[in-house]
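# Geometric and topological summary
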Amino acid sequence: AKTNPWRTHPITHTSRMHSEYANFGAPKRRCNFATVSIAINVALLLVGAAVYMSSGAQELSMVAPRQTRVFASKPNAMKNIAAGLAAAGVSSIGFLGASNALTFDEFQGLSYMDVKGSGMANTCPVLNSGTNDVKGSLKPGSYKFDKFCIEPTSFQVKEDVGKGKKEFIGVKLMTRLTYTLDAMSGSLKVGNGGSIEFKEEDGIDYAPTTVQLPGGARVPFLFTVKELDAKGDVSSFSGEFSVPSYRGSTFLDPKGRGAATGYDTAVAIPAGGAGDEDALGKENNKSIKPLAGKAQLSIAKYDPATGEIAGVFQSVQPSDTDLGAKVPKDIKVQGLWYAQLQQ
């Protein structure tokens with residue numbers, strides 16, 4: 001065996017390398033960030049559930065199943081439940097379902113965070129006090145109809161059901177909780193014999209809404225009671241209102257045509273030619289002319305001490321016409337209303 005002339009000991013480099021690696025032992029485990037994050041979230045959920053069970057479980061058990069109308073729960077229960085969910089890192093309480101209605105005073109005691117994401121902004125106050133004898137308690141005179149709120153609870157569309165017969169059928173609401181009319185105002189005159197004259201004047205008096213027919217077709221319409229002029233007595237008063245165009249005059253269709261701007265006819269169809277035929281005339285000549293609807297309101301309760309008044313309503317109005325290109329459908333809306341009278 002050959003030896004290194006410059007060294008007196010044999011080469012043992014390989015044995016040293018093996019011994020050095022052996023000194024390290026088993027590799028160390030690294031902290032898994034995902035595991036720690038999951039553990040923290042689980043802990044927060046447990047804390048939130050504990051807070052909720054201790055404060056809001058009893059009140060939540062009294063909540064009714066979800067119906068067409070979406071209410072808010074009692075303020076105290078809402079705050080307790082929201083606090084428990086906030087501790088768990090959950091920001092929305094929409095999955096809790098429906099709950100009890102609130103009066104006007106209870107609404108005033110809620111903060112923005114109480115209302116946010118709860119569906120309460122889409123509801124009208126209810127009137128728990130007062131009397132049903134409206135004719136005897138509502139004195140004759142002129143009143144300001146303030147804080148007028150209308151909350152739909154059902155929508156129906158008039159459709160052909162066969163053999164040339166048309167009926168109002170149930171539909172599926174596609175719009176989220178943004179279809180309630182609120183903060184409206186007007187004038188109310190009460191006569192000596194209980195006659196009523198009402199005129200709507202201002203406020204958030206329209207809401208774009210879309211419903212879906214059983215076959216899948218969707219019907220958009222502008223839910224409104226704009227400029228309602230109703231007459232009758234304390235039992236019920238009805239009248240017509242204006243239904244503005246669903247789209248404005250500057251809206252352009254896919255071919256660039258509009259009522260106040262855009263092309264006069266479709267591209268590549270010359271004016272005075274095929275583009276002005278009856279079949280395409282409505283598509284080219286856009287119209288934003290308002291249509292008419294009819295509404296009927298009934299008074300169910302009145303509180304002379306606070307001036308609060310509430311009842312039910314029903315309206316029938318046309319749907320969107322696509323700027324005059326389509327024949328509108330009749331939409332029936334039923335629901336609740338609330339207002340405050342001031343002399």
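Described below are features of the structure shown in this document. (Residues numbered from 1 in each chain as written. Predicted model: local features only at pLDDT ≥ 70, side-chain atom pairs only at ≥ 80, totals over all residues. Heavy atoms only, no water.)

Let us now look at the overall build of the protein. Helices and strands together make up the secondary structure of the protein, namely 8 helices and 12 strands. Here the protein holds 343 residues, and the buried ones make up 36% of them. Counting only contacts in the protein whose residues sit at least 6 apart along the sequence, the fraction spanning at least 24 positions is 66%. Carbon and sulfur atoms make up 54% of the accessible area of the protein, which totals about 20600 Å². (Helix = DSSP H or I, 4+ residues; strand = E, 2+ residues; numbered from the N terminus. Buried < 20%, exposed > 50% of the residue type's maximum accessible area, 1.4 Å probe, protein only. Contact = heavy atoms within 4.5 Å. Areas by Shrake-Rupley, 256 points an atom, 1.4 Å probe, with all protein chains shown as cover.)

Here we take up the environment of Pro140. Considering the arrangement of structural elements, one finds Pro140 in the loop between α7 (134-137) and β1 (141-162). Residue class for Pro140 comes out partly exposed when judged on its relative accessible area of 41%. For the pair Pro140 and Ile196, spaced 56 residues apart in the sequence, the C-alpha separation amounts to 9.3 Å. Among all residues touching Pro140, those that are not within four sequence positions of it are Val190, Gly191, Asn192 and Gln343.

Residues Phe145, Phe148, Ile150 and Trp337 are the most contacted members of the largest nonpolar core, which totals 40 residues. Contact partners of Ile150, with chain neighbours within four places excluded, come to Cys124, Thr180, Leu181, Met184, Phe223, Val225, Phe313, Leu336 and Trp337. If you look at the next biggest cluster of nonpolar residues, it comprises 6 residues, including Phe104, Cys124, Ala310 and Tyr338. (Core = buried A, V, L, I, M, F, W, Y, C linked by side-chain atoms within 4.5 Å.)

Taken together, the side chains of Val36, Ile40 and Leu44 define a hydrophobic patch exposed on the protein surface, amounting to about 230 Å² of accessible area. Here Val36 is to be found in helix α2 (residues 33-55). Taking the relative accessible area as the measure of exposure, Val36 reaches 37% and is therefore partly exposed. (Patch = residues over 30% accessible without salt bridge, like charges linked within 9 Å, V, L, I, M, F, W, Y side chains within 5 Å. Salt bridge = Lys/Arg side-chain N within 4 Å of Asp/Glu carboxyl O.)

With respect to the element layout, Thr224 can be found in strand β7 (residues 218-224). Among the polar contacts listed, one links the side chain of Thr224 to the backbone nitrogen of Lys226, at a separation of 2.9 Å. With near-sequence residues (within four places) excluded, Thr224 lies in contact with Leu181, Asp205, Tyr206, Phe241, Ser242, Val243, Pro244 and Gln317. (Polar contact = N/O pair within 3.5 Å; in protein donor to acceptor, adjacent residues only side chain to side chain.)

Quick look at the pairing of β1 now. Where β1 lies against strand β4 (residues 181-190), 7 bridges are found, and the strand directions are antiparallel. By the bridge assignment for β4, Ile150 is matched with Leu181. Inspection of the sheet shows β1 paired to strand β12 (residues 330-342) by 11 bridges, in the antiparallel sense. Counterpart to Lys144 in the pairing with β12 is Gln342. By the bridge criterion, 6 bridges tie β1 to strand β2 (residues 165-170) in an arrangement that is antiparallel. (Pairing = 2+ DSSP bridges.)

For side chains of opposite charge, pairing can occur when their charged atoms come near one another. For the coordinates displayed, the defined rule picks out 10 salt bridges. Among the ionic pairs, Glu159 bridges to Lys329, the shortest N-O distance being 2.7 Å. With Glu159 in strand β1 and Lys329 in the loop between β11 (308-318) and β12, this pair connects stretches of sequence that are 170 residues apart. On the basis of relative accessible area, Lys329 is assigned to the partly exposed category, the value being 29%. Across the pair Arg247 and Asp320 runs a salt bridge whose closest N-O atoms are separated by 3.6 Å. Of this pair, Arg247 sits in the loop between β9 (237-243) and α8 (278-284) while Asp320 sits in the loop between β11 and β12; the two residues are 73 residues apart in sequence, bridging distant segments of the chain. Asp320 sits in the buried class, given a relative accessible area of 13%.

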